[in-house]
Each structure stands twice: as structure tokens, then as C-alpha cells.
Amino acid sequence: MVNLVVEPISPIFACCDALLTAEDVASASRFQREARRAEHLSWRRIVRRELGRGVHINYNDVGAPIVDIPNIYISVAHTSERWVAVAIADSRVGVDIECVERGFERVASRYISKEELALSDHLHWSAMVWSAKEAIYKLWGRRGVDLLVDMHIVEYDASQSVAYAVLGDDAKVRVAFSFVDENYVVAVATYV
């Protein structure tokens, strides 16, 4: 089970929002920019709405958010002050959201192999692969991962908008794609 929530980021007045806690406000206060605080509070608000205001949010050894509910996992992503995505699942999960117009083609050789490039002629394939690999990175939960060397997308089913990948430790991953506002791709990664 994966529950994906994607919402626009908007200014949040923490003092007036019944879902946000003092812990959320304190956590957001470490960011200098108001836009960054809004991103942070937006995903925390989603987590509290979906899992309950009393859920404790912490961070694991690699800096990913975790909750104190047994067998519930979260992953969060946001795009330059526009959208926030939260994936909540009963097993490990990774999520990413990217604007397809970010110019991924310019640096594609750093993260897409020739074999991966040949898997699809989708107009936004470069952005989709980047987003998939970012979601896989969050799922895997390891530092120092090379997106080109350590993870390989081996199959893409355009009819289902799903890709499959293999990690350096031979783990198999499923990545489901969706689009928001036509200009943003969302990738959700789970182990097979």
C-alpha cells in the first residue's frame, strides 16, 4: 500500500494551522528563506493530516524523515516552491518530483546509460529517469550512491507508466510515474 499525496506549496501560517505542532514550527525555523520554511511545513502538514497530529517526525542516519508508527514509512520531495509530494507506505518507499523543463538532457550522460536511454522515446524520459533514480536513492537509503553506476533501469512499461530497476546489491525496484500539472513528473519507488 502506497498513499501518494501531491499538493501545491502555499504560505502556511503555523500559528493558525491546527495540524502543525510546536515541533514543526521549531523544525522549520532553521531555514532562512520563507519559501523553504513553507515547503518544510507543507510536507509536515500532510504527514500529520494523513497519520495524525500526534505522530512524531524524526530523521534517520542519512537525513530522511521517519515517523514513530511501526511499519509506516514516509518519503518527501518538493519542487522549487511549487509542489510537495509525500509518499506514505507500509514498506520502505522513495518519492521524487521534478519539473520536466529543468534541462535534464544537458547532464543526462551523468545518470542515464545508453541502455536506459533506449528504453523509451517519451518526450520527458530524461526527467523521468532522473526522478526515478532520486526516488530509488531515497528508497535505498545509502550515502555515496552513483546514479549511473549503482542503479540501472532495466525495463519501462509505457502502458502502465512503470519502470523496473536493479540496484548494486541486486535488489529489484518498481517505479511508478505520474504527472502533475503536465510539467512535473512524480516517481514513487518501492522494492519488488
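Summary of the structure given here. (Residues numbered from 1 in each chain as written. Predicted model: local features only at pLDDT ≥ 70, side-chain atom pairs only at ≥ 80, totals over all residues. Heavy atoms only, no water.)

This next bit is on the sheet that holds strand β5 (residues 83-89). Spatially, the three strands line up as an open sheet ordered β1-β5-β4, and their pairing is antiparallel. In the strand order of this sheet, the two ends are held by β1 (2-8) and β4 (73-79), each with one partner. Along the sheet, successive strands turn relative to each other by an average axial angle of 15°, direction set aside. Examined bridge by bridge, β1 and β5 share seven bridges and lie antiparallel to one another. Considered in β5, the bridge of Leu4 is made with Ala87. Strands β1, β4 and β5 of the sheet are contacted by helix α2 (residues 34-51), whose axis makes an angle of about 35° with β5. (Pairing = 2+ DSSP bridges. Helix = DSSP H or I, 4+ residues; strand = E, 2+ residues; numbered from the N terminus. Axes fitted to C-alpha atoms, helices over the stretch in contact; angles between N-to-C directions. Contact = heavy atoms within 4.5 Å.)

Attention shifts here to helix α4 (residues 125-140). The terminal C-alpha atoms of α4, which comprises 16 residues, lie 22 Å apart, in line with the 22 Å expected from a rise of 1.5 Å per residue. Counting buried positions over the 16 residues of α4 gives 13, a clear majority of the element. (Expected span 1.5 Å × (residues − 1). Buried < 20%, exposed > 50% of the residue type's maximum accessible area, 1.4 Å probe, protein only.)

Turning to the sheet that holds strand β8 (residues 162-167), a few remarks are in order. In spatial order, the strands read β6-β10-β9-β8-β7; together these five strands make up an open sheet with antiparallel pairing. The open sheet terminates on both sides in strands that have one partner only, identified here as β6 (93-99) and β7 (151-157). Here the strands of the sheet are splayed against their neighbours by 25° on average, with no regard to which way each runs. Bridge analysis of β7 against β8 gives six bridges, and the strand direction is antiparallel. The partner of Glu155 across the bridge, within β8, is Tyr164. Sheet contacts for α4: β6, β7, β8, β9 (172-180) and β10 (184-191); angle to β6, the most-contacted strand, approximately 150°.

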